[in-house]
Every structure is written in C-alpha cells, then in structure tokens.
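What the coordinates show
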Amino acid sequence: MRGIFLALALVAPLAAAAIGPGEALPDPALEARARGITKELRCVVCQSESIDESNADIARDLRLLVRERITAGDSDDEVLAYVVDRYGEFVLFRPPMTAANAPLWLAGPVMLIFGSALVAAVLRRRAREARIPRDGLSAEEQARLDALMKE
C-alpha cells in the first residue's frame, strides 16, 4: 500500500497542468480547442515548452488571449493567425514553409547531402590510396637509413 501511495505521490505533480484554476473555459468543447491551440504555441520565454505547459507569466497571458479569441468566435486558424501577427512565427512549434524561412527548412537536407558527399569522397580516396602499391626504399635511401642505424 505504501508503494502505491509513493508512486501516486511521485506521479501527481507530473499530471498537474500549468493552467490556472481561473483560466479554464466552462464549455468542455471550447476548452479542448483552447488546449489544442496552446499546445501548438511556443512559450517565448521558455522556448522549449508550449504555453500549455509553461508557468511563465507571458504563457499565462497567451493562454488567456487564446481563450478570449475562442470565446469571441474565432476559428483555430484565426486564433493562430492573430497570435502569429502579434508575436511572429517564432511562437509556432511547426511554422509553415514560406519564402522567408525556406533557407532554414532547406539547410538541414542540403548539409546532409553535402556531408554525405564529402564522406563518400574521403572514403573513395582512402580506398584508392590503399590499392596503390607502395614501393620500398630506393638504394640510396636504404644506404642512408643503414648509415643512420649504425650511428
């Protein structure tokens, strides 16, 4: 029984959401929409957490803003567009590919292709060098080596 109590005591804080008691909408459907949207938005302070998980003051303000926009009748896309207009694409965990951010989207695959080509070229060069027979020392070099070894 103690083990179960201990396990529950350890897991309970993980289940607690960052949402405050006064933030939740009374309509479960609207609240579910709000939670879905807030999981898509990055906290501008924490950066690695969604505003749904963050305890930062600005995350709380953004959660309230999302709920306010939903209550006003905005669709999910309208709410996201409103927040992006206000804070920029940085707040989106999955920003769309546009002309402005295309270099960021394409940089990873381009570097992967370039790196793979570089590794392939180095491996080919090593394999080619390994096939080239190495001649021994010339007579002059061998005589010099022998002289150095006697000293």
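Source: prediction; values computed, not measured.

1. Regarding the overall build of the chain
- Helix and strand counts for the chain come out as 6 helices and 0 strands.
- In sequence order, the secondary structure elements of the chain are arranged as α-α-α-α-α-α.
- Here the contacts in the chain between residues at least 6 apart in sequence split such that 49% fall between residues at least 24 apart.

2. Some points on the pattern of salt bridges
- Within the structure shown, the criterion is met by 6 salt bridges.
- With a shortest N-O distance of 2.7 Å, Arg35 and Asp52 are connected by a salt bridge. Taken as a pair, Arg35 in helix H2 (residues 28-38) and Asp52 in the loop between H2 and helix H3 (57-71) lie far apart in primary sequence, 17 residues in all.
- The shortest N-O distance in the salt bridge between Arg125 and Glu129 comes to 3.3 Å. Placement of the pair is Arg125 and Glu129 together in helix H5 (residues 102-131), with a separation of 4 residues, close to one helical turn.

3. A short note on the nonpolar core
- Counting residues in each nonpolar core, the largest one holds 17 residues, and the members touching the most others are Ile37, Leu41, Ile51, Val66, Ile70 and Val83.
- Mapped by element, the contributors of at least two residues to this core are H2, H3 and helix H4 (76-87).
- Here the element with the most residues in this core is H3; it accounts for 5 residues.
- When sequence neighbours within four positions are dropped, the list of residues in contact with Ile37 reads Val66, Ile70, Asp76, Val79 and Leu80.

4. Quick word on the state of the cysteines
- In this structure the tally under the stated criterion is 0 disulfides.
- No disulfide involves Cys43; its nearest neighbouring cysteine sulfur is the one of Cys46, lying 3.4 Å away.

5. Concerning the packing of aromatic side chains
- All told, the structure shown has 0 aromatic pairs when counted by the stated rule.
- The ring of Phe90 carries Arg42 above its face, with NZ or CZ at 5.1 Å from the centroid.
- Its end group placed over the ring of Tyr82, Arg69 keeps NZ or CZ at 4.4 Å from the ring centre.

6. Quick notes on H2
- Among all positions of H2, only Glu31, Ala34, Ile37 and Thr38 are buried. One face of H2 carries all of its buried residues, which in axial projection span an arc of 125°.
- Buried residues belonging to H2 abut H3 and H4.

7. Side note on a nonpolar patch on the surface
- Together, Met97, Trp105, Leu106 and Val110 make up an exposed nonpolar region whose accessible area comes to about 410 Å².
- With respect to the helices and strands, the residue Leu106 is situated in helix H5.
- Look at Leu106 and you get partly exposed, because its relative accessible area is 46%.

8. Notes on the confidence of the model for the chain
- Overall, the predicted model of the chain reaches an average pLDDT of 83, with 85% of residues at or above 70.
- Helix H1 (residues 2-15) is the least confidently modelled element of the chain, averaging 57 in pLDDT, while H5 averages 92, the highest of any element.

9. Focus on the side chain of Arg63
- You can see Arg63 is positioned in helix H3.
- From its side chain, Arg63 meets the backbone oxygen of Ser54 in a polar contact 2.8 Å long.

What counts as what
Residues numbered from 1 in each chain as written. Predicted model: local features only at pLDDT ≥ 70, side-chain atom pairs only at ≥ 80, totals over all residues. Heavy atoms only, no water. Helix = DSSP H or I, 4+ residues; strand = E, 2+ residues; numbered from the N terminus. Contact = heavy atoms within 4.5 Å. Salt bridge = Lys/Arg side-chain N within 4 Å of Asp/Glu carboxyl O. Core = buried A, V, L, I, M, F, W, Y, C linked by side-chain atoms within 4.5 Å. Buried < 20%, exposed > 50% of the residue type's maximum accessible area, 1.4 Å probe, protein only. Disulfide = S-S within 2.5 Å. Phe/Tyr/Trp six-rings, centres within 6.5 Å; stacked < 30°, edge-to-face > 60°. Lys NZ or Arg CZ within 6 Å of the ring centre and 35° of its normal. Arc of directions from axis to C-beta. Patch = residues over 30% accessible without salt bridge, like charges linked within 9 Å, V, L, I, M, F, W, Y side chains within 5 Å. Areas by Shrake-Rupley, 256 points an atom, 1.4 Å probe, with all protein chains shown as cover. pLDDT = per-residue confidence, 0-100. Polar contact = N/O pair within 3.5 Å; in protein donor to acceptor, adjacent residues only side chain to side chain.

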